[in-house]
Structure formats: C-alpha cells, structure tokens
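The primary structure of each chain is shown beneath.
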Amino acid sequence: LMDTGIFDEDRYFDVYVEYARDAVDDIYMRVVAHNRGPDAAELHVLPQAFFRNTWSWGGEDSEKPSMERQGNRVDIKHPKLGDMFFYVEGAEQILMC
C-alpha cells in the first residue's frame, strides 16, 4: 500500500470496529474513527444490515424484509426472522436504501 501514495502527507483515518454479543440475537457494534491528517476532514461511516435474497426465488419466502427509520433507530422487519432494531448514536444522518 505504501507505494500507492494513499498515505502521503499522513492524510488517512484509523477506523476500529468492535463487536460484542449480549445474547444470540443481540449484537453490539462500536465504530471509532481517528483522523490522522493535519486538517479536519469528513468521514462517512456506513454500517449495513443485509439478508440473503430469498424473496426473488418466489414461493414461501417471497416477502421482502423492510426497514423504516424511527429517530436514531432503524426498525427492520423480516418475514421469517422477525423484528429487529438497529440503533445509531452520534449520527447526523441515517442513509437507507
């Protein structure tokens, strides 16, 4: 990587991701980013929730999961796996697609 120039002038971020499990279906994730450059810089962090695309196969699993933002939480509804919640602290904006 050093020969690519991406670390020139020490303009990069160190990003640390830690996971902890409280229960079988209760997982915590902490993302900490440190700007190592000399100037303030914006960084976009995009955590993801994803499912195997079984709904495109038709049949019993043809209902798609859904996501809906509720303040600092994203409500995720899956026809087989049930309801889940994705909480975000310190985010100015939550992007979903």
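Everything discussed here concerns the structure shown above.
The notes below deal with the structure included here. (Residues numbered from 1 in each chain as written. Predicted model: local features only at pLDDT ≥ 70, side-chain atom pairs only at ≥ 80, totals over all residues. Heavy atoms only, no water.)

Pairing between strand 3 (residues 66–70) and strand 4 (residues 73–78): 5 bridges, direction antiparallel. In the sheet register, S66 faces strand 4, and the bridge partner there is K77. Taken together, strand 3 and the strand that follows it, strand 4, pair antiparallel across an intervening segment of 2 residues, in which G71 is found at a positive phi of about 70°. Summarising the sheet, strand 4 and strand 5 (residues 82–87) pair through 6 bridges and their orientation is antiparallel. Within strand 5, the position partnered with I76 by the bridge is M84. A loop of 3 residues connects strand 4 with strand 5, the two strands running antiparallel in sequence. (Pairing = 2+ DSSP bridges. Helix = DSSP H or I, 4+ residues; strand = E, 2+ residues; numbered from the N terminus.)

Moving on, we come to the packing of aromatic side chains. Working definition: an aromatic ring pair is given by the centre-to-centre distance plus the angle between the planes. Within this structure, the stated rule accounts for 2 aromatic pairs. Judged by centre distance (6.5 Å) and plane angle (40°), the rings of F85 and Y87 are tilted. Note on Y87: relative accessible area 56%, which makes it exposed. (Phe/Tyr/Trp six-rings, centres within 6.5 Å; stacked < 30°, edge-to-face > 60°. Buried < 20%, exposed > 50% of the residue type's maximum accessible area, 1.4 Å probe, protein only.)

It is worth spelling out the sheet that holds strand 3 at this point. Strand order in the open sheet made by the 3 strands is 3-4-5, with antiparallel pairing throughout. For this open sheet the edge positions go to strand 3 and strand 5, each flanked by a neighbour on one side alone. On average, each strand axis in the sheet is inclined to that of its neighbour by 20°, with strand direction left out of account. (Axes fitted to C-alpha atoms, helices over the stretch in contact; angles between N-to-C directions.)

In the sheet, strand 1 (residues 13–23) pairs with strand 2 (residues 26–35) via 10 bridges, with the strands oriented antiparallel. Considered in strand 2, the bridge of D14 is made with H34. Hairpin geometry of strand 1 and strand 2 is characterised by an intervening segment of 2 residues between the two adjacent antiparallel strands.

Without other data, these values stay purely geometric and don't point to any function.
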